[in-house]
Amino acid sequence: MLNRLRHPLVAVAVALVLTVPWIGTFVASGGYGTVHPGENITPGMAVLVGGLALVGAAFLLAWGAETAEKDVPQAFAIAVLAVLAVAPEYAVDALYAWQAGAGSSEAANLAVANMTGANRILIGLGWSGIAFFTIYLAKRTADPAVEYRSGFLADVVSLDRDIATEIMFLLVATTYAFFIPLSGGIGPLDTLFLVGLFLLYIFVAIRGGAGASEEHIGVPAYFHQYPKGPRIAVVLFGFVFSGVVIFTAVHPFAEGLEQLGLQYGIPKFFMIQWFAPLASESPELIVVAYLVNKARSTAGFNALISSKLNQWTLLIGTLAVVYSISAGAIGTLSFDSKQAAEIWITAAQSLFAIALLTDFEISIREAVVLLILFTTQVLTEFYVIQTYAGPTATTLSISILYAYTVVYAVLSVGLFVKRRESAHELLEHGVSNVRAAIGIGTGQTERAD
């Protein structure tokens, strides 16, 4: 009996069962957009059934991506996983961009706030938290990527050097992001550049080589034994089903969290920027934690970096598209000076995170710095908006954002200078991968061990 419960299909069945309460709620309410916490469902129930559905869907999504590695390059499978896992963030941001196109200036600012909040959460909590989790589990999982070193918080998670491609694309997107606020909004040129950059990355990922080289266990290993046709059907079902569940469940889940937060006096704007993105990022973090738990920390960090890349390119680029469709003409999604400062601090944090990874590793000490900078900025700004009112709070918030932007930028420059040889090697490796993918050159630059 116990052996039967350990069968991989039992795990799949449990994940499916977790989505059933949400599916029942969804169908009983009449479909997408009809589940409204506070009206036809309590906020607590929305958080409960939505949260369970997100957990179940996240596991199905991870298993689908791992199964797909049998037939497609791992980088491409991870990229697809990353897009689907952060699809909820696209849905929430698209809603505000659509309202902005209909004439709401507040919605335009909320769209930018939600986007920047999601990006900073992904690095400040996601990258740092997964680094802690990886090193914490390493003694049990025997993860070969973890290296124990002497010194204060010196243990590190080493990354595969092929991740240089994702880091290089993220560096390009981050550099571009610094210039977006100068035009006062997100416009057609931003869409062309950022979406084009993401499509180039996907093209490189597809051309990146053969299928999976890692040995899988559990559910993916079971499905790898299937013939190719049924195996592809399983992958497609995993992607489509989990994507639909995540897309439909996350908005009521986020609304439920927002309403619970508002009951405790947390301002709406703060909720939209931090609590809603935290909800929409949860599937991605669950997927990565699952990969780390299987001693696949390289694949986990690859998913995190790929998620950051697609949010920093495709998400920003599509905001202008949704806005223009709603407005009925090609236009620019404008935002105020507060949101300009939010974009700059988000770009600076991204630059600092990239600088940390130039040597293809992240230590506990570096993860602590990421976490402290993120949490102190959010908590300080929360204190300001709770203590001061109106223009005073806005002025102080902007000053805080600029101060942290400078801190991130100074730390980034210092790291890039200190690790200039590693940064040069990373760029060489990334460019070599791109050249090989588009048929220029012979492949990766050789390196000395």
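Bear in mind the structure is a predicted one, so any value in this text is a computation, not a measurement. (Residues numbered from 1 in each chain as written. Predicted model: local features only at pLDDT ≥ 70, side-chain atom pairs only at ≥ 80, totals over all residues. Heavy atoms only, no water.)

**Considerations on the overall build of the chain**
Step number 1: When helices and strands are tallied, the chain shows 16 helices and five strands.
Step number 2: What you see for the chain is a C-alpha radius of gyration of 22 Å, in line with the 22 Å of a compact globule of 449 residues.
Step number 3: For the chain, the C-alpha atoms occupy an extent of roughly 60 × 60 × 45 Å along the three principal directions.
Step number 4: When burial is assessed residue by residue, the chain has 53% of its 449 residues classed as buried.
Step number 5: Sequence-distant contacts, at least 24 apart, represent 81% of the contacts inside the chain between residues at least 6 apart.
Step number 6: Charge separation in the chain, taken as the distance between the mean sites of 22 positive and 31 negative side-chain charges, equals 6 Å. (Helix = DSSP H or I, 4+ residues; strand = E, 2+ residues; numbered from the N terminus. Rg over C-alpha atoms; globule rule 2.2 N^0.38 Å. Buried < 20%, exposed > 50% of the residue type's maximum accessible area, 1.4 Å probe, protein only. Contact = heavy atoms within 4.5 Å. Lys, Arg positive; Asp, Glu negative; His and termini not counted. Charge placed at Lys NZ, Arg CZ, Asp CG, Glu CD.)

**Some details on the pattern of salt bridges**
Side chains that differ in sign of charge can pair as their charged atoms come close.
Step number 1: Enumeration over the complete set of coordinates arrives at nine salt bridges.
Step number 2: A salt bridge links glutamate 381 to lysine 338; the shortest N-O distance between them is 2.9 Å. One end of the pair, glutamate 381, is in helix α14 (residues 364-387); the other, lysine 338, is in helix α13 (residues 337-356), with 43 residues separating them in the sequence. Summarising the burial analysis for this pair, glutamate 381 and lysine 338 share the class buried.
Step number 3: With a closest N to O distance of 2.6 Å, glutamate 366 and arginine 419 form a salt bridge. Of the two residues, glutamate 366 is situated in helix α14 and arginine 419 in the loop between α15 (390-418) and α16 (420-437); the sequence distance between them amounts to 53 residues. The same class applies to glutamate 366 as to arginine 419, namely buried.
Step number 4: Several salt bridges converge on common partners, so that one network encompasses Arg120, Lys338, Glu342 and Glu381. (Salt bridge = Lys/Arg side-chain N within 4 Å of Asp/Glu carboxyl O.)

**Overview of the packing of helix α5 (residues 87-101) against helix α6 (residues 105-141)**
Any two packed helices are characterised by the angle at which their axes cross and by the distance between the axes.
Step number 1: Remark: α5 packs on α6, axes separated minimally by 7 Å, with the N-to-C direction vectors making an angle of 160°. Between α5 and α6, the angle is such that the two are roughly antiparallel. α6 is crossed by α5, and the crossing has left-handed handedness. Contacts from Glu89, Val92, Asp93, Tyr96, Ala97, Gln99 and Ala100 in α5 reach Ala107, Ala108, Leu110, Ala111, Asn114, Met115 and Ala118 in α6. (Axes fitted to C-alpha atoms, helices over the stretch in contact; angles between N-to-C directions. Parallel < 35°, antiparallel > 145°, perpendicular 65-115°, else oblique. Left-handed = near helix turned anticlockwise from the far one by under 90°.)

**Some thoughts on unusual backbone geometry**
Step number 1: Positive phi, normally seen in glycine, also occurs at leucine 153, with a value near 50°.
Step number 2: Residue placement: leucine 153 occurs in the loop between β1 (146-147) and β2 (156-158).
Step number 3: We classify leucine 153 as partly exposed; its relative accessible area is 33%.
Step number 4: Of note in the backbone geometry, phenylalanine 360 takes a positive phi value of approximately 60° without being a glycine.
Step number 5: Relative to the helices and strands, phenylalanine 360 is located in the loop between α13 and β5 (361-363).
Step number 6: Note on phenylalanine 360: relative accessible area 4%, which makes it buried.

**Some points on the packing of α6 against helix α11 (residues 268-293)**
Step number 1: Across the interface, α6 lies against α11 with an axial gap of 7 Å and an inter-helix angle of 30°. Taken together, the axis directions place α6 and α11 in an arrangement best described as roughly parallel. Between α6 and α11 lies a crossing whose hand is right-handed.
Step number 2: Among the residues making up the contact of α6 with α11, the classes are represented as 19 nonpolar, nine polar and four charged. (Nonpolar A, V, L, I, M, F, W, Y, C, P; charged D, E, K, R; others polar.)

**Section: the sheet that holds β5**
Step number 1: The strand order β1-β2-β5 describes an open sheet built from three strands, whose pairing is antiparallel. Of all the strands in the sheet, the pair left with one neighbour each is β1 and β5.
Step number 2: In this structure, β1 lies alongside β2, joined through two bridges in antiparallel fashion. Pairing of glutamate 147 across the sheet is with valine 156, part of β2. (Pairing = 2+ DSSP bridges.)

**Observations regarding the confidence of the model for the chain**
Step number 1: Predicted confidence across the chain gives a mean pLDDT of 85, with 93% of residues reaching 70 or more.
Step number 2: Within the chain, no element has a lower average pLDDT than helix α1 (residues 2-5), which sits at 57, and none a higher one than α13, at 96.
Step number 3: Overall, residues 442-449 carries pLDDT values under 50, and its contacts beyond four positions in sequence, including any with other chains, amount to eleven contacts. (pLDDT = per-residue confidence, 0-100.)

**A few points about the environment of valine 417**
Step number 1: With respect to the helices and strands, valine 417 occurs in helix α15.
Step number 2: In sequence terms valine 417 and alanine 355 are 62 residues apart; their C-alpha atoms lie 9.5 Å from each other.

**As for the packing of aromatic side chains**
Step number 1: Applying the stated criterion to the full structure yields 13 aromatic pairs.
Step number 2: The interplanar angle of 45° and the centroid separation of 5.8 Å between the aromatic rings of tryptophan 22 and phenylalanine 26 together place this pair among those described as tilted. With tryptophan 22 and phenylalanine 26 both in helix α2 (residues 8-29) and four residues apart, this pair spans about one turn of that helix.
Step number 3: The exposure class of tryptophan 22 is buried, given its relative accessible area of 3%.
Step number 4: A connected cluster of aromatic rings, assembled from ring pairs, spans Phe169, Phe198 and Tyr201.
Step number 5: Positioned above the aromatic ring of tryptophan 312, the side-chain terminus of lysine 308 is 4.4 Å from the ring centre. (Phe/Tyr/Trp six-rings, centres within 6.5 Å; stacked < 30°, edge-to-face > 60°. Lys NZ or Arg CZ within 6 Å of the ring centre and 35° of its normal.)

**As for a nonpolar patch on the surface**
Step number 1: Taken together, the side chains of Met45, Leu48 and Leu52 present a nonpolar region at the surface, about 250 Å² in accessible area.
Step number 2: Here leucine 52 shows up in helix α3 (residues 43-68). (Patch = residues over 30% accessible without salt bridge, like charges linked within 9 Å, V, L, I, M, F, W, Y side chains within 5 Å. Areas by Shrake-Rupley, 256 points an atom, 1.4 Å probe, with all protein chains shown as cover.)

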